[in-house]
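Report on the structure
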Amino acid sequence: EQFDNVINERKRFAELLNVQGILNALGAEETRQAFVEGVDGAIKLEETELNHLDELYKILNPERGVDDKSLVDQMKTSAEHMQLVLDGREKVVCGTTYRQLNELMSKIKLCAYFTEKQTVVESADCADETSTEKEFVVVDSGEV
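Being a predicted model, the structure only gives us computed values, none of them experimental.

**What to know about unusual backbone geometry**
Of all residues except glycine, most have a negative phi; of all peptide bonds, most are trans. Residue Asp40 is not a glycine yet carries a positive backbone phi of 60°. Secondary-structure assignment places Asp40 in the loop between helix H2 (29-37) and helix H3 (47-60). Overall, the relative accessible area of 52% leaves Asp40 in the exposed class. Although it is not a glycine, Cys94 adopts a positive phi angle of roughly 50°. Mapped onto the elements, Cys94 comes out in the loop between strand S1 (92-93) and strand S2 (96-97). A relative accessible area of 22% places Cys94 in the partly exposed class.

**What to know about the packing of helix H1 (residues 2-25) against helix H4 (residues 71-87)**
Relative orientation of the contacting elements H1 and H4 amounts to 105°, with a least axis distance of 11 Å. On the basis of the axis angle, H1 is roughly perpendicular to H4. Here Arg12, Glu15, Leu16, Val19 and Gln20 of H1 come into contact with H4, specifically with Met82, Gln83, Leu86 and Asp87. In the contact of H1 with H4, the residues fall into four nonpolar, two polar and three charged.

**Digging into the packing of aromatic side chains**
Summed over the entire model, instances satisfying the criterion amount to three aromatic pairs. An aromatic cluster of three or more residues is present, and its members are Phe35, Tyr113 and Phe114.

**Quick look at the nonpolar core**
Core analysis: the biggest nonpolar cluster contains 26 residues, and Phe35, Leu53, Ile108 and Phe114 have the highest contact counts within it. Only H1, H2, H3, H4, helix H5 (98-110) and helix H6 (112-115) provide two or more residues apiece to this core.

**A look at the environment of Gln100**
Structurally, Gln100 can be placed in helix H5. Gln100 gets classed as partly exposed once you look at its relative accessible area, which sits at 44%. Sequence separation between Gln100 and Gly88 is 12 residues, and the spatial gap between their C-alpha atoms is 7.3 Å.

**Examining the pattern of salt bridges**
All chains considered together, the criterion is met by five salt bridges. Between Asp87 and Arg89 there is a salt bridge; the shortest N-O distance is 3.5 Å. For Arg89, a relative accessible area of 43% puts it in the partly exposed group. Its salt-bridge partner being Arg99, residue Glu90 comes within 2.6 Å of it at the nearest N-O pair.

**Details of the environment of Arg32**
Residue placement: Arg32 occurs in helix H2. Along the chain, Arg32 and Leu45 lie 13 residues apart, while their C-alpha atoms are 9.2 Å from each other. Apart from residues no more than four positions distant in its own chain, Arg32 is found in contact with Leu26, Leu50 and Asp54.

**With respect to the packing of H3 against H4**
Contact geometry for H3 and H4: axes closest at 8 Å, N-to-C directions at 135°. The orientation of H3 with respect to H4, classified from their angle, is oblique. Taken together, the residues of H4 that come into contact with H3 (itself represented by Leu56, Ile59 and Leu60) are Ser78, His81, Met82 and Val85. Residues of the contact of H3 with H4, tallied by class, amount to five nonpolar, two polar and no charged.

Basis of the calculations
Residues numbered from 1 in each chain as written. Predicted model: local features only at pLDDT ≥ 70, side-chain atom pairs only at ≥ 80, totals over all residues. Heavy atoms only, no water. Helix = DSSP H or I, 4+ residues; strand = E, 2+ residues; numbered from the N terminus. Buried < 20%, exposed > 50% of the residue type's maximum accessible area, 1.4 Å probe, protein only. Axes fitted to C-alpha atoms, helices over the stretch in contact; angles between N-to-C directions. Parallel < 35°, antiparallel > 145°, perpendicular 65-115°, else oblique. Contact = heavy atoms within 4.5 Å. Nonpolar A, V, L, I, M, F, W, Y, C, P; charged D, E, K, R; others polar. Phe/Tyr/Trp six-rings, centres within 6.5 Å; stacked < 30°, edge-to-face > 60°. Core = buried A, V, L, I, M, F, W, Y, C linked by side-chain atoms within 4.5 Å. Salt bridge = Lys/Arg side-chain N within 4 Å of Asp/Glu carboxyl O.

Listed below in structure tokens is the structure:
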């Protein structure tokens, strides 16, 4: 039973890291644009969906000095929000529900943008072309 608890805990940590990784990746302009346009294997996201994810990012990543609450209290609140997202609760947050955010994160996690290796070729003014490989890996919590 203890072994099962350890396995389940690792799966939960993997889910948490996936949420953080996706939200962090969406902060990069190139990645965000891919999801706005639905290109490079990314699913097309509506502006409202991106706004919900931006708000989720903010509540999961508190900033020092922005709130009257101590950083410890802010972290506790963030942990509660993360738990509700991972559990997919029907409770309203960020103009949507934790369940809808969970489902959206699952769709994003499974899209080809994060599951396939991508190669980007950048061309400069000169004839020299540079190949840069980008690799995004999102771990399925069932793999842990």
